[in-house]
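Report on the structure
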Amino acid sequence: MKKQFKLGIIGCSPMACNILKGAVLSDYLHEKKIVVSGVSEKNFEELSYLGVRMADEDTDVAANCEYLLLACGRKYFEENIAGKISHTKVISIIPNLRKNTVKNAFGANAVRVARCALNMPCEIGSGVVGIDMSDFNCVTDDIEFISGLFNCVGTVLSVDESKLDGVSALGVDGTAYTLMFIDSLIDAGVKHGLTKNEAKILAVQTMIGTAELVEREEQSVSDLLLRACVKGGTAIEAVKVLEEKDMRNILAEAVSACVKKAKELTL
């Protein structure tokens, strides 16, 4: 029997709201095809503006949607969803929750699960989303729908679940390292006579422009770095300091620490 709604969401977290805004405002998904439960007072006005249907019960959402997106906290999942709700097409953005954990909660023999990791820039439609969609690999319509949904908030990277800890450490947690780097550049600029706003413009635009250069150029990042460090120039002096301070190893250790913690947290 055809479901009334295309997408149902349990637990309207801030990230779920971002996904909804991306999907509705881009016309990827009509608002009348979306139903949501777990709406807080904080999100009520925003969801009313979008025009999506709001339900009181999680069971109503699950029973009436083709795809069920889990966007609640892990504790809520364990106490209110596991063993109490059934569905066959589940998308999970709950951090550190394995596909098998979700499958066992819904009934492992029937349910297919896509597990996703999203980063903060998804808030403005410029994020990256790592997704294991392998359960849906034989169904083109499902793959296209899930990919299209998350393309509304960023670039989709389809990976095996075994790589999602690495995706989180580099793409999700990497937002924190990048912010720290930008903040440090701003502080350095202020130290050398720039206003904070001037330093922010320079740091941010340099990051954006460099990222676009890496994306567009066919040269490797290493080759681009060589181009940036003109012999006898100023940039090479900065790079020498960073190499002496072992910046590469510091970043590698930071990523490894994130992966280690993710493995400890994941159920």
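Now for a look at the structure at hand. All values derive from a computational prediction rather than experimental measurement.

**With respect to the overall build of the protein**
When its secondary structure is counted, the protein shows 12 helices and eight strands. For the C-alpha atoms alone, the extent of the protein along its principal axes is close to 70 × 35 × 35 Å. The proportion of buried residues among the 267 residues of the protein is 36%. Taking the contacts inside the protein whose residues are at least 6 apart along the sequence as the reference set, 59% of them involve residues at least 24 apart. Total accessible area on the protein stands at roughly 15700 Å², and carbon and sulfur atoms take up 55% of it. Positive and negative charge centroids in the protein, built from 30 and 36 side chains respectively, lie 2 Å apart.

**So, the layout of surface pockets**
Here the second largest pocket defines a volume of roughly 490 Å³. Around the second largest pocket, the lining is made up of 23 residues, and of these Ile93, Pro95, Asn96, Leu118 and Val172 lie nearest the centre. Of all the elements in the fold, those that place two or more residues in the lining of the second largest pocket are helix H1 (14–25), strand S6 (112–118), helix H7 (164–172) and helix H12 (247–265). Along the lines of polarity and charge, the residues of the lining of the second largest pocket split into 15 nonpolar, four polar and four charged.

**Observations regarding the packing of H7 against H12**
Interaxial distance between H7 and H12 falls to 9 Å at its minimum, and their mutual angle equals 135 degrees. Between H7 and H12, the angle falls in the class oblique. The two elements H7 and H12 cross, and the hand of that crossing is right-handed. Of H12, the residues touching H7 (which contributes Asp165, Gly166, Ala169 and Leu170) are Val255, Cys258, Val259, Ala262 and Lys263.

**Quick look at the packing of aromatic side chains**
Under the criterion given, the structure shown has two aromatic pairs. Taken together through their ring pairs, the aromatic side chains of Tyr28, Tyr67 and Phe145 make up a single cluster. Lysine 6 extends its terminal NZ or CZ atom over the ring of phenylalanine 145, reaching a point 5.4 Å from the ring centre.

**Quick word on the side chain of aspartate 132**
Position of aspartate 132 relative to the elements: it lies in strand S7 (residues 127–132). Looking at aspartate 132, the relative accessible area reads 2%, which means it is buried. In terms of polar contacts, aspartate 132 uses its side chain to reach the side chain of serine 134, at 2.6 Å. For aspartate 132, the side chain forms a polar contact with the main-chain nitrogen of glutamate 161, separated by 2.7 Å.

**A few points about the packing of helix H8 (residues 174–191) against helix H9 (residues 196–216)**
Between H8 and H9, the shortest axis-to-axis distance is 8 Å and the interhelical angle comes to 135 degrees. For the element pair H8 / H9, the angle class is oblique. The element H8 and its partner H9 pack so that their crossing is right-handed. Only Lys196, Ala199, Lys200, Ala203, Val204 and Met207 of H9 make contact with H8, whose side of the interface consists of Thr178, Phe181, Ile182, Leu185, Ile186, Gly189 and Val190. Counted by class, the contact of H8 with H9 contains nine nonpolar, two polar and two charged residues.

**Examining the pattern of salt bridges**
Once their charged atoms are close, side chains differing in charge can pair, the charge on each being opposite to the other. Enumeration according to the criterion identifies 13 salt bridges in this entry. A salt bridge links aspartate 142 to arginine 112; its shortest N-O distance comes to 3.7 Å. Highlighted residues: aspartate 142 in helix H6 (residues 140–151) and arginine 112 in strand S6, separated in sequence by 30 residues. By relative accessible area, arginine 112 is classed as partly exposed at 26%. Between lysine 240 and glutamate 237 there is a salt bridge, with the nearest N and O atoms lying 3.6 Å from each other. Here lysine 240 and its partner glutamate 237 are both found in helix H11 (residues 235–244), three residues apart, which amounts to about one turn of the helix. A residue is classified by how much of its surface remains accessible, and lysine 240, at 41% relative accessible area, is partly exposed. Where salt bridges share partners, they join Lys6, Glu66, Lys89, Arg112 and Asp142 into one cluster.

So, how was this worked out
- Residues numbered from 1 in each chain as written.
- Predicted model: local features only at pLDDT ≥ 70, side-chain atom pairs only at ≥ 80, totals over all residues.
- Heavy atoms only, no water.
- Helix = DSSP H or I, 4+ residues; strand = E, 2+ residues; numbered from the N terminus.
- Buried < 20%, exposed > 50% of the residue type's maximum accessible area, 1.4 Å probe, protein only.
- Contact = heavy atoms within 4.5 Å.
- Areas by Shrake-Rupley, 256 points an atom, 1.4 Å probe, with all protein chains shown as cover.
- Lys, Arg positive; Asp, Glu negative; His and termini not counted.
- Charge placed at Lys NZ, Arg CZ, Asp CG, Glu CD.
- 1 Å grid on protein atoms, 1.4 Å probe; cavity = no way out; pocket = protein on both sides within 12 Å on 5 of 7 lines; lining within 4 Å.
- Points joined across faces, edges and corners; volume = space filled by probe spheres on them.
- Nonpolar A, V, L, I, M, F, W, Y, C, P; charged D, E, K, R; others polar.
- Axes fitted to C-alpha atoms, helices over the stretch in contact; angles between N-to-C directions.
- Parallel < 35°, antiparallel > 145°, perpendicular 65-115°, else oblique.
- Left-handed = near helix turned anticlockwise from the far one by under 90°.
- Phe/Tyr/Trp six-rings, centres within 6.5 Å; stacked < 30°, edge-to-face > 60°.
- Lys NZ or Arg CZ within 6 Å of the ring centre and 35° of its normal.
- Polar contact = N/O pair within 3.5 Å; in protein donor to acceptor, adjacent residues only side chain to side chain.
- Salt bridge = Lys/Arg side-chain N within 4 Å of Asp/Glu carboxyl O.

Honestly, that's just the spatial picture; any functional story needs more than this.
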